[in-house]
Amino acid sequence: MSTLSLLNNRSKDSKSTTARINRNSKLFKTIIRAIQEKKGENVISLDLRKIPEAVSDFFIICEAGSTTQVKAIADHVEYLVKEECGEGPYRHEGMNALQWVLVDYVNVVVHIFHPETRKFYRLEEMWSDAAAADHE
């Protein structure tokens, strides 16, 4: 199955059957806390709920000063969400290179960047029509 058809199926299947969330949802708050506990920096969330093309309700974006910290944040997000919310990620990507790790919970997608990689991809600019909030 191609990546595009996988995303199309995911957005049709997952978003229609999964309740939409907000910034006060347990999943959202748990992810933010997990990032903060591992000293993630420049933490922001983008509210994508009013963007029809978005495949998720929120992006949570942060950065870490080293590849070791990128991995620690990703692992802690997965651990804490499993412990407190009983959810595992739909999928995760980037655990080999550790420059940009994506942890996908369908309604919330967590992006953990190495600083240079974050500057290069400028995800916040790509989704500039989304409402942003700082979580420092």
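Scroll up a little and you will see the structure.
Just so it is clear, the structure is predicted and the values come from calculations on it, not from any experiment.

Peer 1: Teacher, can you tell me more about the nonpolar core here?
Peer 2: The nonpolar side chains of a soluble globular protein tend to be buried, and buried together. Counting 25 residues, the largest nonpolar core has I31, I35, I60, V77, V108, V110 and I112 as the members making the most contacts within it. Every residue in contact with I60, bar those within four places of it in the chain, is listed here: F28, I31, I32, I35, V43, I44, S45, V108, V109, V110 and H111. Core analysis: the second largest hydrophobic core is formed by 13 residues, I44, I61, F113 and L123 among them.

Peer 1: Sorry if this is basic, but what is going on with the sheet that holds strand β6 (residues 131–134) here?
Peer 2: Each strand in a sheet pairs with its neighbour through backbone hydrogen bonds, running either in the same direction (parallel) or in the opposite one (antiparallel). Across the sheet, six strands lie side by side as β3-β4-β5-β2-β1-β6; this open sheet has mixed pairing. Looking at which strands have only one partner, the edges of the open sheet turn out to be β3 (91–93) and β6. Going from strand to strand, the sheet's axes swing by 15° on average, the running direction of each strand aside. The pairing of strand β1 (residues 41–47) with β6 spans four bridges and is classified as antiparallel. Note that in β6 the partner of S45 across the bridge is A133. Against the sheet, helix α3 (residues 67–85) makes contact with β2 (58–63), β3, β4 (100–104) and β5 (108–113), and its axis sits at roughly 160° relative to β5, the strand it touches most.

Peer 1: What is the right way to look at the environment of W100 in this model?
Peer 2: Along the chain, the position of W100 falls in strand β4. Taking relative accessible area as the criterion, W100 reaches 26% and is therefore assigned partly exposed. Among the polar contacts listed, one links the side chain of W100 to the side chain of H111, at a separation of 3.1 Å.

Peer 1: Please explain unusual backbone geometry as it appears in this structure.
Peer 2: With glycine set apart, most residues show a phi of negative sign, and most peptide bonds adopt trans. Even without a glycine there, the phi angle at V106 is positive, about 65°. Considering the arrangement of structural elements, one finds V106 in the loop between β4 and β5. Judged by its relative accessible area of 11%, V106 falls in the buried class. Phi at R122 is positive, roughly 45°, even though this residue is not glycine. Checked against the element boundaries, R122 lands in the loop between α4 (115–121) and α5 (123–126).

What counts and what doesn't
- Per chain, the residues get numbers from 1 upward, laid out in the order the sequence is written.
- Given that this is a predicted model, residues contribute local features only at a pLDDT of at least 70 and side-chain atom pairs are listed and counted only at 80 or more, while totals for whole chains, interfaces and linings are drawn from all residues.
- Hydrogens and water molecules were not included; the side-chain quantities draw on all heavy atoms of the structure.
- Among buried residues, the Ala, Val, Leu, Ile, Met, Phe, Trp, Tyr and Cys ones that are joined through side-chain atoms within 4.5 Å form a nonpolar core.
- Think of it in three bands: with a 1.4 Å probe and only protein chains considered, a residue is buried below 20% of the maximum accessible area for its type, exposed above 50%, and partly exposed in between.
- Should any heavy atoms of two residues lie within 4.5 Å, those residues are counted as being in contact.
- Any two strands are treated as partners once DSSP identifies two or more bridges connecting them.
- Numbered from the N terminus, helices here are DSSP runs of H or I no shorter than four residues, and strands are runs of E no shorter than two.
- Lines fitted to the C-alpha atoms define the axes, with helices restricted to the stretch that makes contact. Angles between their N-to-C directions range from 0 to 180 degrees.
- Under this definition, polar contacts are N or O atom pairs within 3.5 Å; protein pairs additionally need one hydrogen-donor-capable and one acceptor-capable atom, and for neighbouring residues in sequence, both atoms have to be side-chain atoms.

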